[in-house]
Amino acid sequence: MSFFGKLKDRLFTSSSKLDRGLEEIVEEGADSAAPQETAAPEPTAEPIPEPNPAPSAPEPQPAPESKPEPERRPEPSAPAGPRPATPDAVPPVSPPVTPGMPAAPVTPTAPPVREERDPEPAPEPAAQKPGLIGRLFGRGGDTAPRRELDDAMLERLEELLIQSDMGVETALRVTANIAEGRMGRKLSVPEIKDLLAGEISRIMEPVARPMPIYAKTPQVVLVVGVNGSGKTTTIGKLASQFREAGKSVVIAAGDTFRAAAVEQLQIWGDRAGVPVMTAPQGTDPASLAYDAMTKAQADGADLLLIDTAGRLQNRQDLMEELSKIVRVIRKKDPDAPHNTLLVLDATTGQNALSQVEIFRNIADVSGLVMTKLDGTARGGVLVALADRFGLPIHAIGVGEQIDDLAPFDPEEFARALTGAEGELA
Ligand SMILES: Nc1nc2c(ncn2[C@@H]2O[C@H](COP(=O)(O)OP(=O)(O)OP(=O)(O)O)[C@@H](O)[C@H]2O)c(=O)[nH]1
């Protein structure tokens, strides 16, 4: 299945929640099944309410210490050889850029995730398929129930978006934009989905940036995040994708306090065919990071991925641990780390927002990876994150397998989240 198909399939929990909510909203106020024939009235001059501040998010909860071992995948038959560039094989990275330069923008060519879309269904006969304008303004001739967009409906939409973890401010902004110029118009569920997806895609567009790859090597990528957010899994997936893209990679198992975390990383390293530097339990993570940096330089590695502990229970200790790692690797390369990736677990919903606040204070976060978007109804939190922080979103995880990590594509995400199928407004 193409990644887009997979994403759509796996974000079903989020989109079906929105779907049900939208059906309810439209049905409760639907006046008739007939399409709107008359021209829409002028938009009301009512001011759009100022967004209220978002409620403060609860403290992040540490994940349980135990974690199930990810399913083993068969080893690829020719791990070192070049393999055709399938969408799943393309790492969420951008081409080399000079250190210190801003991250390269998303490549202008359509990302491969789009190229492998499931075949489009045969086009409907013209008479049944209204144009975009027709669908948006209710003159399409279809018989879907419609509801006139008024303040009550907007309020219901806001509630629905807030329930989808989009956050209060973002939900208000999205609905205000949808309302602009459309008050009094009769909208059907598919039309609202297209409008929502358009707004979400617009919010996400500026943050959809692959992780930049620098010409100078080894490029040091520090991976931070609370325990259980998916750091180990993400490092394994990234290592595998970088390797398949022809890069040599070294992993440092920097959470030296938990033997299980080191073991897990070794399993992922084996799977990806990448060496994992470990140290006896209780070793200073900074010392391991230094040794790993030495090895990466000696081996001429392209990338060094450093796992870190995620114990937020003692924030001060964690902050000191992370800054010591940074201090030590800077003795080897003053520009390191070149990227600090914060891994966030989508199932924590609004909690992800407070994790960004915390980690931005204790580490110089340069980009985000959102994991576990599969099977959660809380995918909307990614929209809130983009809207609030504007940090680049490099990749998303939608499963536990090695290839379940993809570059972040705003339009595909918006469609998958809302279940929109038409053209985005
Ligand atoms: N469904 C799903 N599960 C994921 C995803 N990413 C990670 N996981 C699972 O989440 C659990 C925790 O992932 P880890 O990678 O071990 O998390 P961690 O942040 O390294 O955790 P610690 O080692 O405790 O610090 C594991 O069971 C993973 O298989 C994802 O995208 N989707």
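- In the nomenclature of an unreviewed UniProt entry, the protein chain is known as Signal recognition particle receptor FtsY of Limimaricola cinnabarinus LL-001.
- The UniProt entry for the protein chain carries the following comment under Sequence similarities (unreviewed entry): "Belongs to the GTP-binding SRP family. FtsY subfamily."

Re the domain arrangement of the protein chain
Stage number 1. Here the protein chain is described as being made up of domain 1 (1-36 + 125-207 + 410-425) and domain 2 (209-408).
Stage number 2. If you tally residues by element for the side of domain 1 that touches domain 2, the top one is helix 1 (residues 3-10), at four residues.
Stage number 3. Within the side of domain 1 that touches domain 2, the residues separate by chemical class into 13 nonpolar, five polar and six charged.

What about the nonpolar core?
The nonpolar side chains of a soluble globular protein tend to be buried with one another.
Stage number 1. Counting residues in each nonpolar core, the largest one holds 104 residues, and the members touching the most others are I251, A252, A292, L304, L305 and I306.
Stage number 2. Looking at this core element by element, the count peaks at eight residues for helix 7 (residues 189-204).
Stage number 3. There are two domains that each give this core at least three residues, and those are domain 1 (1-36 + 125-207 + 410-425) and domain 2 (209-408).
Stage number 4. Those residues in contact with A252 that lie beyond four places of it in its chain are M277, L288, A289, A292, L304, I306 and D307.

Details of the site of the ligand
Stage number 1. As a structural note, the neighbourhood of the ligand is formed by 25 residues, with G230, K231, T232, T233 and G397 the closest of them.
Stage number 2. Listing elements by their share of the shell around the ligand, those giving two or more residues are helix 8 (231-244) and helix 9 (259-272).
Stage number 3. Top contributing element to the shell around the ligand by residue count: helix 8, with three residues.
Stage number 4. Considering only residue class, the shell around the ligand consists of five nonpolar, 13 polar and seven charged.

Some points on helix 14 (residues 410-418)
Stage number 1. Of all nine residues that make up helix 14, nine are buried, and the element is covered over most of its length.
Stage number 2. Among the residues making up helix 14, those that are buried are P410, E411, E412, F413, A414, R415, A416, L417 and T418.
Stage number 3. Directly after helix 14, the chain includes G419, whose backbone phi takes a positive value near 80°.

Topic: the UniProt feature "domain: SRP54-type proteins GTP-binding" (unreviewed entry) in the protein chain
Stage number 1. Under the UniProt annotation, the feature "domain: SRP54-type proteins GTP-binding" (unreviewed entry) is placed at residues 218-419.
Stage number 2. In this annotation, residues 218-419 is assigned 45% helix and 18% strand; the end-to-end C-alpha distance for the span is 41 Å.

Re the pairing of strand 10 (residues 367-371)
Stage number 1. The buried fraction of strand 10 is high, at five of five residues.
Stage number 2. Side chains of strand 10 alternate between two faces, with G367, V369 and T371 and L368 and M370 buried alike.
Stage number 3. Summarising the sheet, strand 9 (residues 339-345) and strand 10 pair through five bridges and their orientation is parallel. When the sheet's bridge partners are listed, D345 is paired in strand 10 with T371.
Stage number 4. Since strand 9 and strand 10 lie parallel, the crossover through helix 12 (residues 351-362) that links them has a hand, and here it is right-handed.

Topic: helix 10 (residues 285-299)
Stage number 1. Its 15 residues give helix 10 an end-to-end C-alpha distance of 21 Å, which sits within 8% of 21 Å, the value for a rise of 1.5 Å per residue.
Stage number 2. All buried positions along helix 10 are accounted for by P285, A286, L288, A289, A292, M293 and A296. Buried residues of helix 10, seen end-on, are gathered within an arc of 155° and therefore sit on one face of the element.
Stage number 3. Elements that come into contact with the buried residues of helix 10 comprise strand 5 (219-224), strand 6 (249-252), strand 7 (276-277), strand 8 (303-307) and helix 11 (315-332).
Stage number 4. Positive phi appears at G300, one or two residues downstream of helix 10, with a value of about 65°.

The rules we used
- Residues numbered from 1 in each chain as written.
- Predicted model: local features only at pLDDT ≥ 70, side-chain atom pairs only at ≥ 80, totals over all residues.
- UniProt positions renumbered as here; feature names shortened; annotations may be inferred.
- Domains from an automatic or database assignment.
- Helix = DSSP H or I, 4+ residues; strand = E, 2+ residues; numbered from the N terminus.
- Nonpolar A, V, L, I, M, F, W, Y, C, P; charged D, E, K, R; others polar.
- Core = buried A, V, L, I, M, F, W, Y, C linked by C-beta atoms within 7 Å.
- Buried ≥ 20, exposed ≤ 12 C-beta atoms within 10 Å, placed from the backbone.
- Contact = placed C-beta atoms within 7 Å.
- Near = placed C-beta within 6 Å.
- Pairing = 2+ DSSP bridges.
- Right-handed = clockwise from strand over helix to strand, strands pointing away.
- Expected span 1.5 Å × (residues − 1).
- Arc of directions from axis to C-beta.

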